[in-house]
Amino acid sequence: MVPTSKRPRQPVVAVTGAASGLGRELLSRLATSGDFRRVVAIDEQRGDVQDVTWRVLDVRDPLLANRISDIDVLIHLAGDFALDSDPGERRAYNLRAAQTVLTASAAARVRRVVLVTSAMVYGAAADNPVPLPEESAVAAEPDTGVVGDYLEIEGVARLAARSHPGLELTVLRPAAVVGPGMDTVITRHFEAPRLLTVKGCSPRWQFCHIDDLVSALEMAARGLVTGVVAVGSDGWLEHDKVEELSGIRGFELPAGLTFGTAQRLHRLGITPAPATDLHYVVYPWVVDCAKLREAGWKPSWSNEAALEQLLRLRENRTTVVGRRLPVKEATLTAAGATVAVIGTAAIVRQVRKKRRI
């Protein structure tokens, strides 16, 4: 009788930030997967997903290594990426969380850690190739916004890879993530009465639905893709098509006026995001998801379908240059949006006048 080889032991997988958002969506999927021996949920509060092991703790706790000593694969999704968070506090939380998770994972001999940043780290530029290969250089501008956080987290990950060569690291870089609960520079752009463009450049639009990001994360957890991995719907939409599908007309301005005005508004605290974030709604940053395709992954959402859901989820919100307006102010017409952008000099003067009083 020929002896049969033993099946490899199924890994134990853990998810941080598991009680809500992307973490909860992934946790629900892993809980029904047959690829893992046990699923561990880590968060500061217990969530509602059943059939998993909950461990209530702050991922910044230096004793984290003691709580993950039985983990084979850790997917780190705990973080604060809200546009309206205090930039300093948000950056401090995200960096401390990433540093602690990576150090603790190395100490606990976790085999694989999966992180999620964004394809924004490639930078958005008028001369970007469409699509960008996954191995393209990281060219985003460091700033106080969420993109700056992603750059810092990836820097921590590169340092961890050098310091702990036995730790396998996978970094997923999704395109513009859309779906229920998503609130980003991109989703707010589609809450505006007009779609801003700059003269001489037409943006290309690529989305990543949260369902597809979850399925890509599961593949990363299983080790089917490693290293830097881009995630997004197939292809992209030209700006004319986006206008047609959304019913929102474009509004073109010179680049200097657009970014100069946005920077002044951000400096005065009128808008939540730095001017560099506007690059991602006027310049292309489409990614080629070659590794996932080669591993057999296919997105279930097209760019068209993702955009249609994004538009349905706007819930009558109105946003101008990244700032959400209260309902009582949200009566801007297309002409009003034009005035809001061009007339920002008046806003700047008004704010400065108040400061002098």
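Since the model is a prediction, treat every value here as computed from it, not as a measurement.

**Re the overall build of the protein chain**
- Each helix and strand in the protein chain was counted, giving 13 helices and 15 strands.
- Taking all contacts inside the protein chain whose residues are at least 6 apart in sequence as the whole, residues at least 24 apart take part in 78%.
- Within the structure as shown, the protein chain displays about 16800 Å² of accessible surface, and the carbon and sulfur contribution to it stands at 51%.

**Details of the packing of aromatic side chains**
- Applying the stated criterion across every chain yields a total of five aromatic pairs.
- When the ring of Phe-190 is compared with that of Trp-205, the centres are 5.0 Å apart and the planes differ by 65 degrees; the resulting orientation is edge-to-face. With Phe-190 in the loop between helix 5 (185-189) and strand 8 (195-198) and Trp-205 in strand 9 (residues 204-205), this residue pair connects regions lying 15 residues apart in the sequence.
- With a relative accessible area of 0%, Phe-190 lands in the buried category.
- Positioned above the aromatic ring of Tyr-122, the side-chain terminus of Arg-173 is 4.8 Å from the ring centre.

**Focus on the pairing of strand 5 (residues 112-116)**
- When you tally the buried positions in strand 5, you get five out of five residues, the bulk of the element.
- Of the two faces of strand 5, the one holding Arg-112, Val-114 and Val-116 and the one holding Val-113 and Leu-115 are both buried throughout.
- Strand direction decides the pairing type here: strand 4 (residues 73-76) and strand 5, joined by four bridges, are parallel. Directly across from Ile-75, in strand 5, lies its bridge partner Val-114.
- The handedness of the strand 4 to strand 5 crossover, carried by helix 3 (residues 87-107), is right-handed.
- Direction of pairing for strand 5 relative to strand 6 (residues 168-174): parallel, over a ladder of five bridges. Counted as the bridge partner of Arg-112 is Glu-168 from strand 6.
- Running through helix 4 (residues 146-163), the crossover from strand 5 to the neighbouring parallel element strand 6 is right-handed.

**Points about the confidence of the model for the protein chain**
- Considering every residue of the protein chain, the mean pLDDT works out to 87; 85% of them sit at 70 or more.
- The low-confidence segment residues 325-349 (pLDDT under 50) makes 31 contacts with residues lying over four places distant or belonging to another chain.

**Some remarks on the packing of helix 3 against helix 4**
- Following both chains from N to C, one finds helix 3 and helix 4 inclined at 20 degrees, their axes separated by 10 Å at the closest point. Taken together, helix 3 and helix 4 sit at an angle that is classed as roughly parallel. In this structure, helix 3 crosses over helix 4, and the sense of that crossing is right-handed. Each of Arg-90, Arg-91, Asn-94, Leu-95, Ala-98, Gln-99 and Leu-102 in helix 3 lies in contact with helix 4, whose residues at this interface are Val-146, Gly-148, Asp-149, Glu-152, Ile-153, Val-156, Ala-157 and Ala-160.
- Broken down by class, the residue content of the contact of helix 3 with helix 4 amounts to eight nonpolar, three polar and four charged.

About the cut-offs
- Residues numbered from 1 in each chain as written.
- Predicted model: local features only at pLDDT ≥ 70, side-chain atom pairs only at ≥ 80, totals over all residues.
- Heavy atoms only, no water.
- Helix = DSSP H or I, 4+ residues; strand = E, 2+ residues; numbered from the N terminus.
- Contact = heavy atoms within 4.5 Å.
- Areas by Shrake-Rupley, 256 points an atom, 1.4 Å probe, with all protein chains shown as cover.
- Phe/Tyr/Trp six-rings, centres within 6.5 Å; stacked < 30°, edge-to-face > 60°.
- Buried < 20%, exposed > 50% of the residue type's maximum accessible area, 1.4 Å probe, protein only.
- Lys NZ or Arg CZ within 6 Å of the ring centre and 35° of its normal.
- Pairing = 2+ DSSP bridges.
- Right-handed = clockwise from strand over helix to strand, strands pointing away.
- pLDDT = per-residue confidence, 0-100.
- Axes fitted to C-alpha atoms, helices over the stretch in contact; angles between N-to-C directions.
- Parallel < 35°, antiparallel > 145°, perpendicular 65-115°, else oblique.
- Left-handed = near helix turned anticlockwise from the far one by under 90°.
- Nonpolar A, V, L, I, M, F, W, Y, C, P; charged D, E, K, R; others polar.

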